[in-house]
Amino acid sequence: QQKRTQRGAVCLYNEDIYHHVRLEEARRAGLAEAIRNNELTVYYQPIVDASTYEVVCIETLLRWRFRGKAISPAVFIPLAEKSGLINKLGTWVLERACIETLELDITPLPAVSVNVSILQLLEDDFIAHIDRILTGTGFPATKLHLEITESAFAQNRVAIREKVEALKARHIQISIDDFGTGFSSLSQLQLLSFDRIKIDKSFVMDLSSGNEAIIRATLMIAREFGCQTVAEGVESVSQAQRLRNMGVTHLQGFYFARPMPAAEFTHWFHHKDN
Ligand code: C2E
Ligand code: MG
Ligand code: MG
Ligand code: MG
């Protein structure tokens, strides 16, 4: 649709853009209120050992219900980053995850993995927040994994390295998320001591020969660096078997379980083998 503006200039999709901007404004305002209004929930998805299917880790994934509709974190996390809310949101998730997983009726507790935005990581008080949350909740640092997307490593090398060192000193583990989708160079990654590479689901969901070659190359890198590998987005038994045979050490995806609220997770955990 073409629209004439008052000044007579032709403007394409005028109304669409207007609605988009209004919606984004409404969401931004809504997001600022979301924590207070109890609209945010943390969901939990298991990560399993590729050979035994034992649950070794739980990834936390944030959910937001706004005006009765679920909005994807792929939409509101970038919004939170743009509007300066990511710190508050990230700290909230971390604290909720520590409190809720300690309350799960699961012993021993698997590791808990939390996604961290690069903007959050680079905040001056990030490490102080981590220390405060671990002390306040009693969550063991050795069981905390932080996921940082690979694309973040293209810049801020020195600053990221400093933060990672501080986390390592506390025995917190680092996972590189969405590996293979960013533009960071291997020499940049090599400067960091990370513990785990998460192979992006786009490679897993289409196990074509090209993607299989990328996964094999990733496995070689992981082996050289002595770190674990997690394949994300595993949806079928055949994918699970192929990935295990290729040498991927850990698997995650709807084939095992979808992300779920804490109470549902406990129920799933105790019934999964039946
Ligand atoms: P991610 O960390 O790479 O998370 C994996 C995404 O894949 C999640 O989407 C998960 O629900 C989805 N997934 C898991 N298994 C399967 C599967 O078998 N098939 C398919 N099609 N998808 C699967 P989700 O929950 O929508 O999150 C999207 C992204 O938003 C996350 O990607 C992460 O980057 C970001 N995110 C989520 N929660 C947080 C958070 O608390 N903090 C920050 N900074 N980012 C978050
Ligand atoms: Mg992740
Ligand atoms: Mg990922
Ligand atoms: Mg992702």
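See the structure shown above.
Residues numbered from 1 in each chain as written. Chains lettered and ligands numbered in written order. Predicted model: local features only at pLDDT ≥ 70, side-chain atom pairs only at ≥ 80, totals over all residues. Heavy atoms only, no water.

**Quick word on the coordination of the magnesium ion (ligand 2)**
At step 1: Those donors, Glu59 (OE), Asn115 (OD1), Glu147 (OE) and Asp177 (OD), are the protein atoms that reach the magnesium ion (ligand 2), and they lie 2.0 to 2.3 Å from it.
At step 2: Mapped onto the polypeptide sequence, the residues donating to the magnesium ion (ligand 2) form the spacing pattern E-x55-N-x31-E-x29-D.
At step 3: In this structure, the magnesium ion (ligand 2) is positioned 4.2 Å from the magnesium ion (ligand 3), and both are ligated by aspartate 177. Within this pair, whereas glutamate 59 is found in strand 4 (residues 55–66), its partner glutamate 147 is found in strand 7 (residues 144–149), the two being separated by 88 residues in sequence. Comparing glutamate 59 with glutamate 147, the two get one shared label, buried. (Donors = N, O, S within 2.8 Å, 3.2 Å for Na, K, Ca; no water. Helix = DSSP H or I, 4+ residues; strand = E, 2+ residues; numbered from the N terminus. Buried < 20%, exposed > 50% of the residue type's maximum accessible area, 1.4 Å probe, protein only.)

**Let's talk about the environment of arginine 132**
At step 1: By the element assignment, arginine 132 lies in helix 5 (residues 126–137).
At step 2: When the C-alpha positions of arginine 132 and glutamate 95 are compared, they lie 9.4 Å apart, and in sequence the two are 37 residues distant.
At step 3: Arginine 132 has contacts with Thr91 and Glu95, leaving out every residue within four places of it along the chain.
At step 4: Polar side-chain contacts of arginine 132 include one of 3.2 Å to the side chain of histidine 129. (Contact = heavy atoms within 4.5 Å. Polar contact = N/O pair within 3.5 Å; in protein donor to acceptor, adjacent residues only side chain to side chain.)

**Digging into helix 6 (residues 157–169)**
At step 1: Over its 13 residues, helix 6 extends 18 Å from the first C-alpha to the last, a length consistent with the 18 Å expected when each residue adds 1.5 Å.
At step 2: Buried within helix 6 we find Ile160, Lys163, Val164 and Leu167. Looking straight down helix 6, one finds its buried side chains confined to an arc of 100°; they lie on one side. The outward face of helix 6, more than 90 degrees from its buried face, is lined by the exposed residues Val158, Glu162 and Ala169.
At step 3: Buried residues belonging to helix 6 abut helix 4 (118–121), helix 5, strand 7 and strand 8 (173–179). (Expected span 1.5 Å × (residues − 1). Arc of directions from axis to C-beta.)

**Observations concerning the site of ligand 1**
At step 1: Not every one of the 23 residues close to ligand 1 is listed here, only the nearest: Arg63, Asn115, Asp177, Glu235 and Phe254.
At step 2: Within the side chain of arginine 63, an N or O atom sits 2.8 Å from an oxygen atom of ligand 1.
At step 3: Considered on its own, ligand 1 offers 800 Å² of accessible surface; in the complex 85% of this is hidden by protein.
At step 4: Only strand 4, helix 2 (73–82), strand 8 and helix 8 (201–205) provide two or more residues apiece to the shell around ligand 1.
At step 5: Looking at which element gives the most residues to the shell around ligand 1, the answer is strand 4, with four residues.
At step 6: Looking at the shell around ligand 1, its residues break down into 10 nonpolar, five polar and eight charged. (Near = heavy atom within 4 Å. Areas by Shrake-Rupley, 256 points an atom, 1.4 Å probe, with all protein chains shown as cover. Nonpolar A, V, L, I, M, F, W, Y, C, P; charged D, E, K, R; others polar.)

**Examining the pattern of salt bridges**
Pairing is possible between side chains of opposite charge, provided their charged atoms come close.
At step 1: Taken as a whole, this structure holds 12 salt bridges when the rule is applied.
At step 2: Here arginine 96 ties to glutamate 100 by a salt bridge, and the two come within 2.9 Å at their closest N and O atoms. One end of the pair is arginine 96 and the other is glutamate 100, both in helix 3 (residues 86–102) and four residues apart, which spans about a single turn.
At step 3: Judged by relative accessible area, which is 17%, glutamate 100 ranks as buried.
At step 4: Glutamate 212 is the partner of arginine 216 in a salt bridge, and the nearest nitrogen-oxygen pair spans 2.8 Å. Taken together, the residues arginine 216 and glutamate 212, both in helix 9 (residues 209–225) and four residues apart, mark about one turn of the helix.
At step 5: Overall, glutamate 212 belongs to the buried group, its relative accessible area being 17%.
At step 6: Beyond isolated ion pairs, a larger network of salt bridges with shared partners links Glu59, Glu147, Lys198 and Glu232. (Salt bridge = Lys/Arg side-chain N within 4 Å of Asp/Glu carboxyl O.)

**Re the coordination of the magnesium ion (ligand 3)**
When four donors bind a metal tetrahedrally, each ideal donor-metal-donor angle is 109.5 degrees, and when six bind octahedrally, the ideal angles are 90 or 180 degrees.
At step 1: Bound to the magnesium ion (ligand 3) are the protein donor atoms Asp177 (OD), Asp178 (OD), Glu232 (OE) and Glu232 (OE), situated 2.0 to 2.5 Å from the metal.
At step 2: Here the donor residues for the magnesium ion (ligand 3) map to a single chain with the spacing D-D-x53-E.
At step 3: Assessed through its relative accessible area of 5%, aspartate 177 is described here as buried.

**Regarding the side chain of serine 117**
At step 1: Relative to the helices and strands, serine 117 is located in the loop between strand 6 (111–115) and helix 4.
At step 2: The contact partners of serine 117, leaving out residues within four places of it in the chain, are Glu81 and Ile86.

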